[in-house]
Each structure stands twice: as structure tokens, then as C-alpha cells.
Amino acid sequence: MPKHLIGSKGQGEWSDVLITVLLAACILFLLFKVPEIVGDIVTMLSIASGEATARDLGGLITISGSAQDSITITYEGADESIFYDVEIKDRVVHIKGIRREAVDILSAKGVLGATIKTGWGKTAVDDLSEEFEDVNIFTITKNRVVEEDESYDVYDVSAY
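Residues numbered from 1 in each chain as written. Predicted model: local features only at pLDDT ≥ 70, side-chain atom pairs only at ≥ 80, totals over all residues. Heavy atoms only, no water.

Student: Please set out the sheet that holds strand E1 (residues 71-76) residue by residue, giving values where relevant.
Tutor: A sheet is described by the order of its strands in space; here three strands give the open sequence E1-E7-E8, paired in antiparallel fashion. Only two strands of the sheet have a single partner each, and these edge strands are E1 and strand E8 (151-159). Each adjacent strand pair in this sheet contributes to an overall mean axis angle of 15°, direction not counted. Alignment of E1 against strand E7 (residues 137-146), held across six bridges, turns out to be antiparallel. Among the inter-strand pairings, threonine 72 is bridged to a residue of E7, identified as threonine 141. Packing against the sheet, helix H2 (residues 50-64) makes contact with E1, E7 and E8, and its axis sits at approximately 170° to E1. (Pairing = 2+ DSSP bridges. Helix = DSSP H or I, 4+ residues; strand = E, 2+ residues; numbered from the N terminus. Axes fitted to C-alpha atoms, helices over the stretch in contact; angles between N-to-C directions. Contact = heavy atoms within 4.5 Å.)

Student: Give a description of the packing of aromatic side chains that names residues and reports values.
Tutor: Tallying each qualifying case throughout the model produces two aromatic pairs. Measuring from centroid to centroid gives 6.3 Å for tyrosine 75 and phenylalanine 138, while their planes differ by 35°, and the two rings are tilted. Of the two residues, tyrosine 75 is situated in strand E1 and phenylalanine 138 in strand E7; the sequence distance between them amounts to 63 residues. Phenylalanine 138 shares its class with tyrosine 75; the two are buried. Between the aromatic rings of tyrosine 84 and phenylalanine 138, the centroid separation amounts to 6.5 Å while the plane-to-plane angle is 45°, which identifies the pairing as tilted. With a gap of 54 residues between them, tyrosine 84 in strand E2 (residues 82-89) and phenylalanine 138 in strand E7 connect regions that are remote in the sequence. (Phe/Tyr/Trp six-rings, centres within 6.5 Å; stacked < 30°, edge-to-face > 60°. Buried < 20%, exposed > 50% of the residue type's maximum accessible area, 1.4 Å probe, protein only.)

Here's what the structure looks like:
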């Protein structure tokens, strides 16, 4: 007896029907997961993007260099429950990870880890080398030191 395809006189093989049912189940599953994934991504992009935070910090460090005397700048994240892992070295601010209340948000949910929770930004200040874990408030301090024949700036970034 020849095989009949779906669409020819309304008949189909059992495997065609099984594949159609499995495909419909997969589509329904994805429809329930997509809003959750989109919500996580929007939260991370709007509140705690590693790239945006790194650029903000790099820009503030650079701006502190334009102060004629001493300056202190305090930077707080948009959400006090978001904590960052930060490394400042070789004129680059690198966000290594983002956590919400000491729990890694993206790893816990298994969503788009590295693309959102990391980021980097450049700074114009050479002599900074700092590393922080689980911080969300940053203080950038520049002090102008004047000695007999020279003056120079001393930069410090602290976080808690």
C-alpha cells in the first residue's frame, strides 16, 4: 500500500501526526518562556548593563582628570540590589560580572550570560589599577599634589 502524505485526501501517517503534535507542544512551551526571557533581558539592559556601567565609570574617571584641583565623585548604580565585579587596569574599566543581592542573576536563570553581565569602558587615566567584587557604590577621588618644582595628580577609586 503506498504512503499517503498529509493533504492528500485528509490522510496521513502516524509519524506525521506525531511530529505535528510535538511541534505544537514546543511552540506552546516557547510562548510561555519568551516573556520571562524578555523580562530578564530588559531588566538587565535598563538597570544593570555591564557595558553602560563600565562606560559611566570610565567617563567619570576621565572627567575627574579635568578638575583643576581636587575632586571626589560618587557613583551609585540605578538599583541598590545590583552588585558588580569590576577591574580597572591599563586604562580600561572592565565589568566582569553582575549579581542581584549576591546571587548571579543570569547564571541562576541560564539566560544570555556573557553578553549582558560583562562590559568595558576606556578611561584617560593611566595609573589606576583596582579590582572590586560585589560592589555597587564607587568613589572616584583625584588629588592635586603640588611640590617644589612639579605638580601631579593622584587618582583613587574605592568601592563598597
